[in-house]
Amino acid sequence: MSGFVEKPEPLQVPGLVHLHTGKVRELYQNEAGDLVMVASDRTSAYDWVLPTEIPDKGRILTQLSLWWFDRLADLVPNHVLSTEPPAGAPADWAGRTLICKSLRMVPVECVARGYLTGSGLVEYRESRTVCGLALPEGLVDGSELPAPIFTPATKAAVGEHDENVSYEEVARQVGADTAAQLRQATLAVYGRARDIARERGVILADTKFEFGFEDETLVIADEVLTPDSSRFWPADQWQPGRAQPSFDKQFVRDWLTSAESGWDRHSEQPPPPLPQHIVDATRAKYVEAYERLTGAAWE
Ligand SMILES: Nc1ncnc2c1ncn2[C@@H]1O[C@H](COP(=O)(O)OP(=O)(O)OP(=O)(O)O)[C@@H](O)[C@H]1O
Ligand SMILES: [Mg+2]
């Protein structure tokens, strides 16, 4: 079982048509035909959207994405048109709303990995490969790869795992030209972001991008380089051979799988609400990621 513990009722705003409730974002279309992306404070873990929100998470993710988009603009155009919430939207949409170009999305999760962990590590242990790419012997959890790799996945429905696929499979699905563009853009953006993060004492272990087309132009969309879409590790604590501490919802995952939560992730039961100390610690991690990366104080 998985999905939403409590499916939220999307807010209706005059002039906007509600299109979709994502795990984290509400999507609307405005009268100009542009996409209105509103990031909520929702959080997900183990394929569940949890019943407890993390205050400010939507604004932190939105502001961090915007900060990165600025630093990537010479590499690839992005989908942002405006940060101004539409007239008639509630005041609390400020800071977490993006008006974006409505793109023809490419149905591929474009993952770049500079370090081995997560689903990459699982595949590596079975076959010495990640997404079919051969890797050297002797790598462990958290090892730096000889060079960053493009490890695409197909986008799954809510509650299902994205599935890692080979580059050849992506080329079959979207065409060789598009696949080549996705790989090139993914690795270029990863390389830039990794270097920026590294200067700030943060390892960008891996990250996921989504791209779309505006006519024939590849445009980077969705959110970029946030703790929800990336693994960020404090560089001074990096120690291959174990799970790395990270700037994301690690507290949430650890608590959910602890005896204290009373929840069995392999059961059919939805996860319980998070206690206040886990909410606070998780919010603090998102704030810390924002502050470390941007060098600016959160508020
Ligand atoms: N410029 C764009 N044009 C069209 N769709 C976009 C654009 N940018 C992002 N999206 C889509 O908006 C949604 C963002 O919502 P969110 O991140 O909450 O979804 P998700 O949980 O990642 O995926 P799902 O929509 O499957 O639940 C994604 O489906 C993403 O593909
Ligand atoms: Mg998403």
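Since the structure is predicted, the reported quantities are computational estimates derived from the model, not experimental observations.

### Quick word on the site of ligand 1
1) Next: With respect to spatial proximity, 18 residues lie near ligand 1, and among them His20, Val24, Arg25, Lys101 and Glu210 are the closest.
2) Next: Between ligand 1 and Asp222, the relevant distance is 3.1 Å, taken from a nitrogen atom to a main-chain nitrogen or oxygen of the residue.
3) Next: Compared with its free state, where it exposes 610 Å², ligand 1 has 88% of that area covered by protein.
4) Next: Broken down by secondary-structure element, the contributors of at least two residues to the shell around ligand 1 are strand 3 (25-29) and strand 4 (35-39).
5) Next: Grouping the amino acids of the shell around ligand 1 by side-chain chemistry returns eight nonpolar, four polar and six charged.

### Description of the domain arrangement of the protein
1) Next: Here the protein is partitioned into domain 1 (14-100) and domain 2 (104-244).
2) Next: Computed from C-alpha coordinates alone, the two centres of domain 1 and domain 2 are separated by 22 Å.
3) Next: At the junction of the two partners, domain 1 supplies 20 residues and domain 2 supplies 24 residues.
4) Next: In total, about 1900 Å² of surface goes out of reach between domain 1 and domain 2, with carbon and sulfur atoms giving 66% of it.
5) Next: When the buried surface of domain 1 facing domain 2 is broken down by residue, Asp47, Trp68 and Val76 rank first, second and third, together holding 29% of it.
6) Next: Along the contact surface separating domain 1 from domain 2 lie three salt bridges.
7) Next: Among the salt bridges present, the one from Asp228 reaches Lys57, with a minimum N-O distance of 2.7 Å.
8) Next: Where domain 1 packs against domain 2, one counts nine residue pairs in polar contact (both at pLDDT 80 or more).
9) Next: A total of nine residues in the side of domain 1 that touches domain 2 trace back to one element, the largest contributor, which is helix 1 (residues 57-72).

What counts, and at which threshold
- Residues numbered from 1 in each chain as written.
- Chains lettered and ligands numbered in written order.
- Predicted model: local features only at pLDDT ≥ 70, side-chain atom pairs only at ≥ 80, totals over all residues.
- Heavy atoms only, no water.
- Near = heavy atom within 4 Å.
- Polar contact = N/O pair within 3.5 Å; in protein donor to acceptor, adjacent residues only side chain to side chain.
- Areas by Shrake-Rupley, 256 points an atom, 1.4 Å probe, with all protein chains shown as cover.
- Helix = DSSP H or I, 4+ residues; strand = E, 2+ residues; numbered from the N terminus.
- Nonpolar A, V, L, I, M, F, W, Y, C, P; charged D, E, K, R; others polar.
- Domains from an automatic or database assignment.
- Contact = heavy atoms within 4.5 Å.
- Buried area = accessible area lost by both parts, 1.4 Å probe.
- Salt bridge = Lys/Arg side-chain N within 4 Å of Asp/Glu carboxyl O.

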